[in-house]
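The residues making up each chain are set out below.
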Number of protein chains: 2
Amino acid sequence: MRPVEPVAASLCDYDHECDVLVVGFGCAGAAAAYEAAAAGADVIVLDRAGGPGGSSAMSGGELYLGGGTPVQKACGFDDTPEDMFAYLRAALGPHADEEKLRLYCDGSVEHFQWFRDRGLTFNERLYDAPSWMPPTEDGLMWLGENAWPYNTVARPAPRGHRPTAAGFGGWLIMEKLVEAATSAGAVSHTDTLATNLVVDGRGRVTGVVARRYGARVTYRARKAVILTTGGFVDSEEMLEQHAPVLLGHGKVSDGLDDGSGIRMAAAIGAATRRMSVVEIALTVLPAMITRGMLVNAHGQRFVSEDVYPGLVSVAAVQHQPGPYWAIIDEEGYEDIPRRDLWGVRPEHVTETLAELEEALGMPPGALESTVATYNRHAEQGEDPYFHKDAKWLRPLKGPFAAVDPRLGFNTGDRESAGAGTGVAGFTLGGLHTTVDGVVLNLSGEPILGLYAAGRASSGIHGEGYISGTSLGDGTFFGRRAGRTAAQETPVSRP
Amino acid sequence: MRPVEPVAASLCDYDHECDVLVVGFGCAGAAAAYEAAAAGADVIVLDRAGGPGGSSAMSGGELYLGGGTPVQKACGFDDTPEDMFAYLRAALGPHADEEKLRLYCDGSVEHFQWFRDRGLTFNERLYDAPSWMPPTEDGLMWLGENAWPYNTVARPAPRGHRPTAAGFGGWLIMEKLVEAATSAGAVSHTDTLATNLVVDGRGRVTGVVARRYGARVTYRARKAVILTTGGFVDSEEMLEQHAPVLLGHGKVSDGLDDGSGIRMAAAIGAATRRMSVVEIALTVLPAMITRGMLVNAHGQRFVSEDVYPGLVSVAAVQHQPGPYWAIIDEEGYEDIPRRDLWGVRPEHVTETLAELEEALGMPPGALESTVATYNRHAEQGEDPYFHKDAKWLRPLKGPFAAVDPRLGFNTGDRESAGAGTGVAGFTLGGLHTTVDGVVLNLSGEPILGLYAAGRASSGIHGEGYISGTSLGDGTFFGRRAGRTAAQETPVSRP
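Description of the structure in this document. (Residues numbered from 1 in each chain as written. Chains lettered and ligands numbered in written order. Predicted model: local features only at pLDDT ≥ 70, side-chain atom pairs only at ≥ 80, totals over all residues. Heavy atoms only, no water.)

**Notes on the packing of helix α1 (residues 27–38) of chain A against helix α14 (residues 469–486) of chain A**
All names here are of chain A. Across the interface, α1 lies against α14 with an axial gap of 7 Å and an inter-helix angle of 30 degrees. As judged from the angle between their axes, α1 and α14 are roughly parallel. Helix-helix and strand crossings are classified by hand; for α1 and α14 the assignment is right-handed. Within the contact between the two elements, α1 uses Cys27, Ala28, Ala31, Ala32, Glu35 and Ala36 and α14 uses Ser470, Leu471, Gly474, Thr475, Gly478, Arg479, Gly482, Arg483 and Ala486. (Axes fitted to C-alpha atoms, helices over the stretch in contact; angles between N-to-C directions. Helix = DSSP H or I, 4+ residues; strand = E, 2+ residues; numbered from the N terminus. Parallel < 35°, antiparallel > 145°, perpendicular 65-115°, else oblique. Left-handed = near helix turned anticlockwise from the far one by under 90°. Contact = heavy atoms within 4.5 Å.)

**Regarding helix α13 (residues 366–378) of chain B**
An α-helical turn contains 3.6 residues, so a residue and the one three or four places further along point in the same direction. For α13 of chain B, spanning 13 residues, the distance from its first C-alpha to its last is 18 Å, which sits close to the expected 18 Å at 1.5 Å a residue. When you tally the buried positions in α13 of chain B, you get 10 out of 13 residues, the bulk of the element. Buried within α13 of chain B are the following residues: Ala366, Leu367, Ser369, Thr370, Val371, Thr373, Tyr374, Asn375, His377 and Ala378 of chain B. On its buried face, α13 of chain B is in contact with α13 (366–378) of chain A together with β15 (293–295), β16 (325–329) and α12 (353–359) of chain B. (Expected span 1.5 Å × (residues − 1). Buried < 20%, exposed > 50% of the residue type's maximum accessible area, 1.4 Å probe, protein only.)

**Quick word on the interface of chain A and chain B**
With 43 residues of chain A in contact, the opposing surface of chain B contributes 43 residues. Here chain A is connected to chain B by 4 salt bridges. With a closest N to O distance of 2.5 Å, arginine 273 of chain A and glutamate 240 of chain B form a salt bridge. Applying the counting criterion to the chain A and chain B interface returns 24 residue pairs in polar contact (both at pLDDT 80 or more). (Salt bridge = Lys/Arg side-chain N within 4 Å of Asp/Glu carboxyl O. Polar contact = N/O pair within 3.5 Å; in protein donor to acceptor, adjacent residues only side chain to side chain.)

**Notes on the sheet that holds strand β18 (residues 400–403) of chain A**
Residues and elements named next belong to chain A. Here we have 4 strands laid out as an open sheet, ordered β15-β16-β18-β17, and antiparallel in their pairing. Of all the strands in the sheet, the pair left with one neighbour each is β15 (293–295) and β17 (347–350). Each adjacent strand pair in this sheet contributes to an overall mean axis angle of 25 degrees, direction not counted. Inspection of the sheet shows β15 paired to strand β16 (residues 325–329) by 3 bridges, in the antiparallel sense. Residue pairing in the sheet places methionine 293 in a bridge with isoleucine 327 of β16. (Pairing = 2+ DSSP bridges.)

**Concerning the relation of the copies chain A and chain B**
Note on the chain copies: they are related by a rotation about an axis and a translation along it. Relative to chain B, chain A is turned by 180 degrees and slid 0.0 Å along the rotation axis, the superposed coordinates differing by an RMSD of 0.0 Å. The operation mapping one copy onto its partner corresponds to a two-fold rotation axis. A shared interface surface links the copies, since 100% of the contact residues of chain A are contact residues in chain B too. (Least-squares fit on C-alpha atoms with pLDDT ≥ 70 in both.)

**Describing the pairing of strand β19 (residues 423–427) of chain A**
Residues and elements named next belong to chain A. Among the 5 residues that make up β19, 5 are buried, leaving the element largely enclosed by the rest of the structure. Neither face of β19 is left uncovered, since the one carrying Val423, Gly425 and Thr427 and the one carrying Ala424 and Phe426 both have all their residues buried. Here strand β14 (residues 278–282) runs beside β19; their pairing, made up of 5 bridges, is antiparallel. For isoleucine 280, the partnering residue across the bridge sits in β19 and is glycine 425.

**Things to note about the side chain of arginine 159 of chain B**
Residues and elements named next belong to chain B. Within the secondary structure, arginine 159 is located in the loop between β6 (140–141) and β7 (160–161). A distance of 3.1 Å separates the side chain of arginine 159 from the side chain of tyrosine 64, its partner in a polar contact. Among residues more than four places away in sequence, those in contact with arginine 159 are Leu63, Tyr64, Leu65, Gly66, Gln72, Asp79, Asp83, Met84, Tyr87, Leu140, Met141 and Glu145.

**Observations regarding a negative patch on the surface**
All names here are of chain A. A grouping of Glu330, Glu334, Glu351, Glu355 and Glu358 is seen on the molecular surface, where their side chains present a negatively charged patch. Elements with a contribution of two residues or more to the negative patch: α11 (330–335) and α12 (353–359). Counting through the fold element by element, glutamate 330 comes out in helix α11. (Patch = residues over 30% accessible without salt bridge, like charges linked within 9 Å, V, L, I, M, F, W, Y side chains within 5 Å. Areas by Shrake-Rupley, 256 points an atom, 1.4 Å probe, with all protein chains shown as cover. Lys, Arg positive; Asp, Glu negative; His and termini not counted. Charge placed at Lys NZ, Arg CZ, Asp CG, Glu CD.)

**Focus: unusual backbone geometry**
With an omega of 0 degrees, the peptide bond between tryptophan 148 of chain A and proline 149 of chain A qualifies as cis. Tracing the chain through its elements places proline 149 of chain A in the loop between β6 (140–141) and β7 (160–161). Cis geometry marks the peptide bond from glycine 322 of chain A to proline 323 of chain A, where omega comes out at 0 degrees. Checked against the element boundaries, proline 323 of chain A lands in the loop between α10 (309–317) and β16. Of note in the backbone geometry, tyrosine 213 of chain A takes a positive phi value of approximately 45 degrees without being a glycine. On the accessibility criterion, tyrosine 213 of chain A (68% relative accessible area) is exposed. A positive phi angle, close to 55 degrees, is found at aspartate 191 of chain B, a residue other than glycine. As for its placement among the helices and strands, aspartate 191 of chain B is situated in the loop between β8 (187–189) and β9 (192–199). Classification of aspartate 191 of chain B by relative accessible area gives partly exposed; the value is 24%.

Keep in mind these numbers describe shape, not what the thing actually does.
Set out below in structure tokens:
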């Protein structure tokens, strides 16, 4: 591993100087840089890559926003911050950070407006079907808010906001946010990898040491350093130590999320939080499992198939014995709109469940008993186990098919997320910060001059994840960190 | 939280001085102190309590040992280190530390002899029934080695070694180890709470600052400080940040496992590992679930009921929706030896499964279909789902009963472990150490002068736990740390 020990300020001869130094130009860094620069601070943003964007630019671009945004209103939904909070507390839980989550929900309408003011547009149309990502340019989508048990704790409203883009829209968000940050005056230094924090005799962070094309380059930050370096899914060592569940699986990242910011800060005594928590995506097709079912290696159902597929994925990969199987009958398969099929074809097609369970290596009777119970209840329009919405309930009858998520999707324009295991993810644990992004030390006290946001920090998440909450909390708390850092009293040279 | 920032050596005027300072007088501290003193080092052991023992002294006293110990041989088992390793890799996994585990298994016969040489005796008799703790003084017990799937990866041999004591035997182990350490020359300072590490200008740990009866007292360690301060189950803040699954549950500890050693070391840049991993015990009765079954809130089985009950507990609490129910029929209940009943009585007694599932709030048919499938296979002497041993397989027939683990045990001589939730546990994550106990920093390099062992460190465990492996690896790696620390070159005063 690259050494991350801090460097003493007395040993540093600075090459560059600014008020606020932002390390990492993904969504959190761009939001922080924009706000700090807009507040009058002299801002430099470093990125180790040849240009800004980071993992954010490669993402789907969904933003989890609500509480009554104009898009929600135009689509006929009367949302409130309280309902948004109640849903996210349940869906991002257990053990979501309620203080951060409360601020995030209360500020969501303003945050939506902030994105619009940065030049993003959102079509005022709802995509009303379960999907990882709509095949349309509709600006609003459900992210499981209308599924049990979440529809019992909060009034359902769709909160997946999508900027107008065909397919993955993360690049567009980053284009606008980078433009905003640089227009506000932030200066970008690319190909510049921060390697160590610089600390003065009082333990205050005063800058960073970096490398650019093999040469050492040093930065002094008069007010603060903001770490927005992303998570650590690209570090095998850190996964091994903190989140081994993702070892060997696909990585949802730009390949540079190696946890360097987390390690640099921890090396000066910063506290971390929830380092084992991860986002997980299993390549199951929402349109297929809602119409059929998802079972574990024993042929047991374990989750309502119409919740947000990220929660289906966690329920499977973290908690159930695999392999997992999407089970569908012919009528269900034929009912799936082609655009929602993502290239997934039926496998293991059999006339009877006895043949199917044998083909899948399950105990005799495993699928037969699960489907018999399911069908008996479906005839009554009920799913007393998981309360899947009645519109998906229908007795399944042969011929049947089973689909293995490890086969992935085949959409033609993008590789399967699964990389052979059917699973891909990223990390959600990181530095322990206040709601203003101040990094805390092991005694629970602020580390002077050090902030963090985005996946370098632990955000609003407990053990669950919903699409759009990482771009969402990265930008929301990145903005707060940038604003707060800009107000710090500048430190004069030692 | 108590501040844990390091203190500069230049600010310290030491009250006491030694070669090796051991912080915490539980099993890891006692083993380290003994070995360091036996190797000729001048040793002081601190403990914050009024006497030594810690959580180890309150434990059951099982030691996970094998590979061909005299007790195993006398009981007719021909064990090998390879079988022990294969079992533990599976049962302590996924993601057990294989390097530490290999040493632990290869050194296990010697480690057993070390305990005998310290004065512990072990009756050469096997207790041959599933139990959290035998009601006898038999010196050997199964810890799930003979249950599927573990019996498919390693030749089964019982490895739960129990020193001769009635009931919980941890106090006896600690009595012998404390006696050994003090006889070898280690000096004990009780009522002394270490609060901060002392670090010199080169980042080397040279001592600790402590408090005794409100007064500051300082210790210089010429060779090394060994942190054996235990885990962090007694710190609500640390549980909230790292292992929230245990929040609100019972704590298996002496009440003083607040993670202070982990925080002190992390404050000087020590790396931590697997902070989310925990031991969990659910108050289910092995003798009851082996004869019946354990189901989740949906009436589904999810684990072979004859694996070690700690693994049953993890499978339930970490992965299944509760409440959990032990299901038993009259014949099965009557078959349980009274001494294995631990005061547990049948509840929710009904003639039919339909009545029982209704009483438990399960969907109609939930238990009926689970038991029908179970019975159909049991008639053939098979359990194709979980391969429970054939000796436990018998079709269940009414009247039936369900028992809620939240009711706990009622053995008369000790409180239920469950404390109302049916769940109690302790933490397994901690400082990242080498096999010799050297604490590593965030760059993966040794922190000079700092060692750790026991639950202050991350040991052999992945996500699973088996009784006797915490006392086992605490003493085993405590010994290695003590020996290695004693060989360090003493640092002269600055």
